[in-house]
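# Chains, contacts and geometry: an overview
The primary structure of each chain is shown beneath.
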Amino acid sequence: MLDSFKERVGEVLLPGDVFSFESPGSESNIQDKVICGPGLRRNGDEILVCKSGILRHKEPNLYWIDSQQKRYVPAKGECVIGIVTAKSGDVFKVDVGGSEQASLSYLAFEGATKRNRPNVQVGDLVYSQFIIANKDMEPELVCIDSSGRANGMGVFGTGGLLFKVSLGLVRKLLVPQSEIVKDLEKIFPFEMVVGMNGRIWVKARSTQQTLIVANILESCENMTAQQRRTLFKKVAQNAS
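As a starting point, this report considers the structure included with it.

Reading the values: rules and limits
Residues numbered from 1 in each chain as written. Predicted model: local features only at pLDDT ≥ 70, side-chain atom pairs only at ≥ 80, totals over all residues. Heavy atoms only, no water. Pairing = 2+ DSSP bridges. Helix = DSSP H or I, 4+ residues; strand = E, 2+ residues; numbered from the N terminus. Contact = heavy atoms within 4.5 Å. 1 Å grid on protein atoms, 1.4 Å probe; cavity = no way out; pocket = protein on both sides within 12 Å on 5 of 7 lines; lining within 4 Å. Points joined across faces, edges and corners; volume = space filled by probe spheres on them. Nonpolar A, V, L, I, M, F, W, Y, C, P; charged D, E, K, R; others polar. Core = buried A, V, L, I, M, F, W, Y, C linked by side-chain atoms within 4.5 Å. Buried < 20%, exposed > 50% of the residue type's maximum accessible area, 1.4 Å probe, protein only. Salt bridge = Lys/Arg side-chain N within 4 Å of Asp/Glu carboxyl O. Disulfide = S-S within 2.5 Å. Phe/Tyr/Trp six-rings, centres within 6.5 Å; stacked < 30°, edge-to-face > 60°.

## A short note on the sheet that holds strand β7 (residues 62–66)
Taken in spatial order, the four strands of this open sheet run β1-β6-β7-β3, and their pairing is mixed. Looking at which strands have only one partner, the edges of the open sheet turn out to be β1 (12–13) and β3 (35–36). In terms of strand pairing, β3 meets β7 through two bridges, oriented parallel. Bridging from a neighbouring strand, C36 pairs with Y63 of β7.

As structure tokens, then:
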């Protein structure tokens, strides 16, 4: 089964495709070798494909589906950009782009106490992390890490631009030493916050540069590396 799974790497798979572990030999050892990422689900001795997309593999044993979906499904541990929509007692309601809003306690900020409440208003952008995200419970966010530090999370977004892209582009931007980000930084200095829910916030020196950066990022969605380099070269020439 593992060999047939590896042979499909780089191919398009569809929801409903099934890979079975039922084969002579050490099935349990084979099962232990496969780690399912986004788009794949373990069901006993089978792997079920839940999303349409390209099967990817990372050594030694991680597999996932690389898809261009736009609807976000909350997952525990992921950092997202949310929009505060309401205050309800001691809890803020936050729109994260999923099927339902998430809750964010006023105590889930660095240094927050009952007397020292964070200054959060309806309409603010918050960069936060899911600590609860499953189909049976309301999603819950925090703006602190396990040590109680903000670590870059909290309210932000003054003067910038928020826009939405596919989850596939987000993963490309969050890759360590992302080529897209490195090439773009050579053209304009800018600030950027990327959420796993497909939202990106950018801020450059001027409104015009901010819009250019946003348009370039959106254009990278369906470009090859060569097309992207050609675009960046043209933009750099016009900016100089």
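Past the structure itself, the notes keep going.
## Describing the environment of G157
Structurally, G157 can be placed in the loop between β13 (154–156) and β14 (161–164). In sequence terms G157 and K203 are 46 residues apart; their C-alpha atoms lie 8.4 Å from each other. With near-sequence residues (within four places) excluded, G157 lies in contact with L125 and W201.

## Focus: the layout of surface pockets
By volume, the largest pocket is sized at about 1,000 Å³. For the lining of the largest pocket, the secondary structure elements donating two or more residues are β3, β4 (40–43), β6 (53–58), β7, β11 (125–134), α3 (167–174) and α4 (179–185). By residue class, the composition of the lining of the largest pocket is 17 nonpolar, seven polar and 13 charged.

## A closer look at the nonpolar core
Ranked by internal contacts, the top residues of the largest apolar core, which has 29 residues, are L104, F130 and L141. Of all the secondary structure elements, the ones that give two or more residues to this core are β8 (79–88), β9 (91–95), β10 (102–105), β11 and β12 (137–142). With five residues, the single largest contributor to this core is β11. By size, the runner-up hydrophobic cluster in this structure holds 22 residues, among which are L169, V170, I200 and F232.

## Considering the pattern of salt bridges
For the structure shown, the criterion picks out nine salt bridges. A salt bridge links R171 to D66; its shortest N-O distance comes to 3.3 Å. Separated by 105 residues along the polypeptide, R171 in helix α3 and D66 in strand β7 bring together distant segments of the chain. When the shortest N-O distance is used, the salt bridge between R117 and D90 registers 3.2 Å. Highlighted residues: R117 in the loop between β10 and β11 and D90 in the loop between β8 and β9, separated in sequence by 27 residues. R117 sits in the partly exposed class, given a relative accessible area of 44%. Connected through salt bridges with shared partners, the residues R56, D66 and R171 form a single ionic network.

## A closer look at α3
Residues three or four positions apart in an α-helix share a direction because the helix packs 3.6 residues into each turn. Along α3, the positions that sit buried rather than exposed are L167, G168, L169, V170 and L173. In this structure, the buried side of α3 is in contact with α4, β15 (190–194), β16 (199–204) and α5 (207–219).

## Here's the deal with the pairing of β6
With two bridges connecting them, β1 and β6 associate as antiparallel partners. Residue L13 lies in a different strand from β6, and its bridge partner there is G53. Judged from the five bridges that link them, β6 and β7 form a sheet pairing that is antiparallel. Bridging across to β7, K58 finds its partner in L62.

## As for the state of the cysteines
Tallying each qualifying case throughout the model produces zero disulfides. The thiol of C79 is unpaired, and the distance to the nearest cysteine sulfur, on C143, comes to 9.5 Å.

## Concerning the packing of aromatic side chains
Summed over the entire model, instances satisfying the criterion amount to three aromatic pairs. Centroid distance Y72 to F130: 6.3 Å. Interplanar angle 25°. Geometry classified as stacked. Of the two residues, Y72 is situated in the loop between β7 and β8 and F130 in strand β11; the sequence distance between them amounts to 58 residues. With respect to class, Y72 is no different from F130; both count as buried. Look at F156 and W201: their rings are 5.4 Å apart centre to centre, the planes differ by 90°, and that puts the pair in the edge-to-face class. In this pair, F156 is assigned in strand β13 and W201 in strand β16, connecting sequence segments 45 residues apart. The class of F156 is buried, set by a relative accessible area of 18%. Overall, W201 belongs to the buried group, its relative accessible area being 5%.

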